[in-house]
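# Descriptive analysis of the structure
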Amino acid sequence: MSLRRVTVLGATGSIGTSTLDVIGRHPERYRVHALTAHRSREALLALCLRHRPAVAVLDTEEDAAWLRRQLAEAQLATEVRAGCRALVEVAEASEVDAVMSAIVGAAGLLPTLAAVKAGKRVLLANKEALVMSGALFMDAVTRHGATLLPIDSEHNAIYQCLPSEHRGGLGRHGVTQLLLTASGGPFRGWSRDGLASVTPDQACDHPNWSMGRKISVDSATLMNKGLELIEACWLFDARADQIQVVVHPQSVIHSMAAYSDGSVIAQLGNPDMRTPIAYGLAWPERIDAGVEALDLFRIARLDFEPADERAFPCLRLAREAMAAGGTAPAVLNAANEVAVEAFLAGRLGFTGIGELVARVRDARPVEAADDLETILEADALARQAAYARLARQ
Ligand SMILES: NC(=O)c1ccc[n+]([C@@H]2O[C@H](COP(=O)([O-])OP(=O)(O)OC[C@H]3O[C@@H](n4cnc5c(N)ncnc54)[C@H](OP(=O)(O)O)[C@@H]3O)[C@@H](O)[C@H]2O)c1
């Protein structure tokens, strides 16, 4: 078995630390090449001491200098770099076999695309990158021979439920529908009126999953499911009308594929991201992820219900953005990132998130998303429009 060298983008986050937990269980299989963080320099230092990467990356030169001093004191030879260019370099480095893409938000796009273009095994947790650049991203995967493994638990589940060669449209493989499960988040069953005054801490208190704050808010608004719907269209060559969102509060079935003969294949497991991460790291083999075995008697029952798109309009907004095509998903994503940041900072109410996204969507034209410059410009202009609307409130 050859040793695989891994770069973990977003190492200090929820997915990043789970990835390092799985890697740490298999020192004979994996070596960490690079670890990156944005501002969490103490957390990155602790990870460097434990995993001894060749390279560490932080956003600012000042934080990088601090980390360099700490690592020198600890007599560690890790090289420390700073800035966006360094993220790209550690994603495309020739000594790297696999890249975990676990930066949150649009900031993950350029390093993830760099890993794809370098033909790496790319473990995709950063759904925003694919939402923004769908066609361009998938085209780069094919052209550069990258191996793309979905880490979002739903897409990882669907990947496991589909035939190994699933490109070319679902119908070719007898698949009639993808059933994308959703926990419903902390506010499942709430009315729109009740949602108006919820706090960031309530929104981040997810019933089943422990995640970063941005994706936790996205789960609470159901924008996460909307982004996942777009992600699934690109990953599995599916149309939006071939994907049904199924609210399943126990989060035990992670998603399903329905076939023309009436079979429905599901992937089940405890809600622990180490399962899809271990799958992505070891594919096509299976390795221990440190996850407790599923106890069906303890779970006892599985429930299913439709999503309430009146109380949670973000799911509909995402479906409409996918239908509009071009730069519309990038605009949706950018407006949502600004809105979530404002909600977490106490500057916008919970129901204001969907309202802001809809206003920015209506104000921005949809253009063909043929090149990266157009996509990045659509992202930047949507952010500007969102900040301007926030300032006027
Ligand atoms: N958490 C989950 O269970 C889960 C499940 C499915 C998919 N995902 C997806 O995985 C991605 C990561 O989610 P998460 O929950 O792990 O997020 P998180 O806990 O907030 O971690 C985000 C990571 O990205 C880094 N980062 C943030 N902004 C950055 C920037 N501008 N430039 C460079 N690095 C930056 C953070 O560094 P600092 O620590 O320095 O801020 C941190 O390492 C998201 O796209 C999310 O949708 C997550």
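What counts, and at which threshold
- Residues numbered from 1 in each chain as written.
- Predicted model: local features only at pLDDT ≥ 70, side-chain atom pairs only at ≥ 80, totals over all residues.
- Heavy atoms only, no water.
- UniProt positions renumbered as here; feature names shortened; annotations may be inferred.
- Helix = DSSP H or I, 4+ residues; strand = E, 2+ residues; numbered from the N terminus.
- Buried < 20%, exposed > 50% of the residue type's maximum accessible area, 1.4 Å probe, protein only.
- Contact = heavy atoms within 4.5 Å.
- Near = heavy atom within 4 Å.
- Polar contact = N/O pair within 3.5 Å; in protein donor to acceptor, adjacent residues only side chain to side chain.
- Areas by Shrake-Rupley, 256 points an atom, 1.4 Å probe, with all protein chains shown as cover.
- Nonpolar A, V, L, I, M, F, W, Y, C, P; charged D, E, K, R; others polar.
- Domains from an automatic or database assignment.
- Arc of directions from axis to C-beta.
- Buried area = accessible area lost by both parts, 1.4 Å probe.
- Salt bridge = Lys/Arg side-chain N within 4 Å of Asp/Glu carboxyl O.
- Pairing = 2+ DSSP bridges.
- Axes fitted to C-alpha atoms, helices over the stretch in contact; angles between N-to-C directions.

The name an unreviewed UniProt entry assigns to the protein chain is 1-deoxy-D-xylulose 5-phosphate reductoisomerase, from the organism Halomonas fontilapidosi. For the protein chain, the Function (unreviewed entry) comment in UniProt is given as "Catalyzes the NADPH-dependent rearrangement and reduction of 1-deoxy-D-xylulose-5-phosphate (DXP) to 2-C-methyl-D-erythritol 4-phosphate (MEP)."

Moving on: the environment of valine 96. Inspection of the secondary structure assignment puts valine 96 in the loop between α4 (84-92) and β5 (98-101). A residue is classified by how much of its surface remains accessible, and valine 96, at 4% relative accessible area, is buried. For the pair formed by valine 96 and glycine 280, sequence separation is 184 residues and the distance between their alpha carbons is 15 Å. Leave out the neighbours within four places in its chain, and valine 96 touches Arg5, Thr7, His33, Val90 and Lys120.

Turning to the side chain of histidine 248, a few remarks are in order. Mapped onto the secondary structure, histidine 248 falls in the loop between β9 (243-247) and β10 (253-259). Once you skip the residues sitting within four places of it in the chain, histidine 248 turns out to touch Thr181, Ala182, Ser183, Ile253, Leu302, Asp303 and Phe304.

This brings us to the site of the ligand. Around the ligand sit 23 residues in total, of which Thr12, His38, Arg39, Ser40 and Glu128 are the nearest. Between an oxygen atom of the ligand and a main-chain N or O atom of glycine 10, the distance comes to 3.3 Å. Backbone polar atom of arginine 39 to an oxygen atom of the ligand: 2.7 Å apart, as the coordinates give it. Coverage of the ligand by the protein amounts to 86% of the 900 Å² it exposes when considered alone. When contributions to the shell around the ligand are tallied by element, the ones reaching two or more residues are α1 (14-24) and α6 (127-144). When its residues are assigned to classes, the shell around the ligand shows 11 nonpolar, 8 polar and 4 charged. Residues lining the shell around the ligand come from more than one domain, with at least three contributed by each of domain 1 (4-151) and domain 2 (154-271 + 293-309).

Attention now moves to α1. Working note: α-helix, 3.6 residues per turn, so residues spaced by three or four point in the same direction. Among all positions of α1, only Ile15, Gly16, Ser18, Thr19, Leu20, Val22 and Ile23 are buried. Residues of α1 that are buried make contact with β1 (4-9), β2 (30-36), α2 (41-51), β5 and α12 (274-282).

Regarding α2, the residues found buried are Leu44, Leu45, Leu47, Cys48 and His51. Across the axial projection of α2, the buried residues extend over an arc of 165 degrees, all falling on one side. Turned more than 90 degrees away from the buried face of α2, the exposed residues are Glu42 and Arg50. If you follow the buried residues of α2, they end up packed against α1, β2, β3 (55-58) and α3 (61-73). Just downstream of α2, arginine 52 is the residue with a positive phi angle, here 45 degrees.

In terms of domain boundaries, the protein chain breaks down into domain 1 (4-151), domain 2 (154-271 + 293-309) and domain 3 (325-393). At the junction of the two partners, domain 1 supplies 14 residues and domain 2 supplies 17 residues. When domain 1 packs against domain 2, the two sides together hide about 1,300 Å² of surface, and 71% of this comes from carbon and sulfur. Of all residues in domain 1, Lys127, Val131 and Pro150 give up the largest surface area on contact with domain 2, accounting jointly for 45% of the area buried on that side. For the pair domain 1 and domain 2, the interface holds 2 salt bridges. Between the two partners, domain 1 and domain 2, sit 5 residue pairs in polar contact (both at pLDDT 80 or more). Top contributing element to the side of domain 1 that touches domain 2 by residue count: α6, with 7 residues. Within the side of domain 1 that touches domain 2, the residues separate by chemical class into 10 nonpolar, 2 polar and 2 charged.

Here the focus is the UniProt feature "binding site: NADPH" (unreviewed entry) in the protein chain. As annotated in UniProt, the feature "binding site: NADPH" (unreviewed entry) corresponds to Thr12, Gly13, Ser14, Ile15, Arg39, Asn126, Glu128 and Gly212 in the numbering used here. By the element assignment, serine 14 lies in helix α1. Among the structural elements, glycine 212 can be located in the loop between α9 (200-203) and α10 (213-221). On the basis of relative accessible area, glycine 212 is assigned to the partly exposed category, the value being 32%.

Pairing is mixed across the open sheet formed by 4 strands, whose spatial order is β9-β8-β10-β11. The open sheet has two edge strands, β9 and β11 (264-268), and neither has a second partner. Strand-to-strand twist of the sheet, defined as the mean angle between neighbouring strand axes without regard to direction, takes the value 20 degrees. Sheet topology places β10 next to β11; 5 bridges connect them, and they run antiparallel. Paired with methionine 256 across the two strands is alanine 266, which belongs to β11. Of the strands in this sheet, β8 (175-182), β10 and β11 are in contact with helix α7 (residues 153-161), which crosses β10 at around 40 degrees. The strands that helix α11 (residues 223-236) touches are β8 and β9; relative to β8, the one it contacts most, it runs at about 150 degrees.

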